[in-house]
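Fold and geometry: a report
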Amino acid sequence: MAELGVNIDHVATIRQARRTIEPDPVWAASLAELGGADTITVHLREDRRHIQDRDVRVLKETVQVKLNLEMGAEEEITKVALDIHPDQCTLVPEKREEVTTEGGLDIVGNFDRVKKCVDQLLTAGIEVSMFIDPAEDQILASKKLGAQAVELHTGRYADAVTGDERKQELDDLIAAGNIALTEGLHLHMGHGLTYRNVMPIAAIRGVGELNIGHSIVARAVMVGFERAVREMKELIVRASR
Ligand code: PXP
């Protein structure tokens, strides 16, 4: 069954809107754990628009499940990651002007730059996952880098308009997932997953981790964090039966 990684960036987004101390993403992490989260995920962006270094430090001390740090393969952020030592780092592409992570990391085109970062994380004993589009060349490049996992970008599946399009994107994710599993990589997926579209993804054979943020935080505003996480977890459990 897929584990649930809850991305709590948006809690920090609300706090940073007023540059105040609340809501604290650390509280959200505790409630997410109570709701059944298997992983707490945060993205420390170069511009620190939501999650701050302090959050990652406190989460490292308080989170009792896996702590997954999403980050660009940049020197400055790599130093922070090496210092705080989360359980897992997921390398993502990062552009300052984007609203959210828009596509997978192009490892094929940035192999040497990404390798420098991956080597340092692996040497420090941090698990490395690569956030990539569901494409064979990117999966094989991730394997070549020594990463233990790939997180396949589910954005095109989430954005598909017609049933046929959605089926095609799902088939592509399944095929790419099988390549990753054959290569001995852990298989993660995420981006754009919601209470309405998560079940076919959670039912994919071998998918070990789903990282979900926006949809859970959006529901949490209405029903509370713990309940929002529990409801997502229930769908994942149901999908894997
Ligand atoms: N996985 C990765 C690598 C991401 O960058 C994000 C967005 O921060 C997510 C998953 C979660 O995406 P969403 O907020 O659309 O659920």
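Above this text sits the structure in question.
The written sequence of each chain sets the order in which its residues are numbered from 1. This being a predicted model, a pLDDT of at least 70 is required before a residue's local features are given, and a value of 80 or more before pairs of side-chain atoms are given or counted; all residues contribute to the totals for chains, interfaces and linings. Side-chain metrics rest on all non-hydrogen atoms present in the structure, leaving aside hydrogens and water.

Turning next to the packing of helix α4 (residues 75–84) against helix α5 (residues 111–123). At a closest axis distance of 10 Å, the pairing of α4 and α5 adopts a crossing angle of 10°. One way to sum up the angle between α4 and α5 is to call them roughly parallel. The segment α4 lies against α5, with Glu75, Thr78, Ala81 and Leu82 engaging Lys116, Cys117, Gln120 and Leu121. Three categories are distinguished: nonpolar for Ala, Val, Leu, Ile, Met, Phe, Trp, Tyr, Cys and Pro, charged for Asp, Glu, Lys and Arg, and polar for the others, with Gly belonging to the last. Its residues placed into classes, the contact of α4 with α5 shows four nonpolar, two polar and two charged. Lines fitted to C-alpha atoms define the axes here, with helix axes fitted over just the stretch in contact, and angles between the N-to-C directions of these axes take values from 0 to 180 degrees. Each helix is a run of DSSP H or I of at least 4 residues and each strand a run of E of at least 2, with the numbering of both proceeding from the N terminus. When describing relative orientation, an angle under 35 degrees is termed roughly parallel and one over 145 degrees roughly antiparallel, while 65 to 115 degrees is termed roughly perpendicular and anything else oblique. Should any heavy atoms of two residues lie within 4.5 Å, those residues are considered in contact.

We now examine unusual backbone geometry. Following Glu22, the chain continues into Pro23 via a peptide bond in cis, with omega recorded as 0°. Within the secondary structure layout, Pro23 lies in the loop between α1 (9–18) and α2 (25–34). One non-glycine residue, His85, adopts positive backbone phi at about 60°. Position of His85 relative to the elements: it lies in the loop between α4 and β4 (88–91). The cut-offs for exposure are 20% and 50% of the maximum accessible area for each residue type, with area from a 1.4 Å probe on protein chains only; residues under the lower value are buried, those over the upper are exposed, and the others partly exposed. The class for His85 is partly exposed, based on a relative accessible area of 28%.

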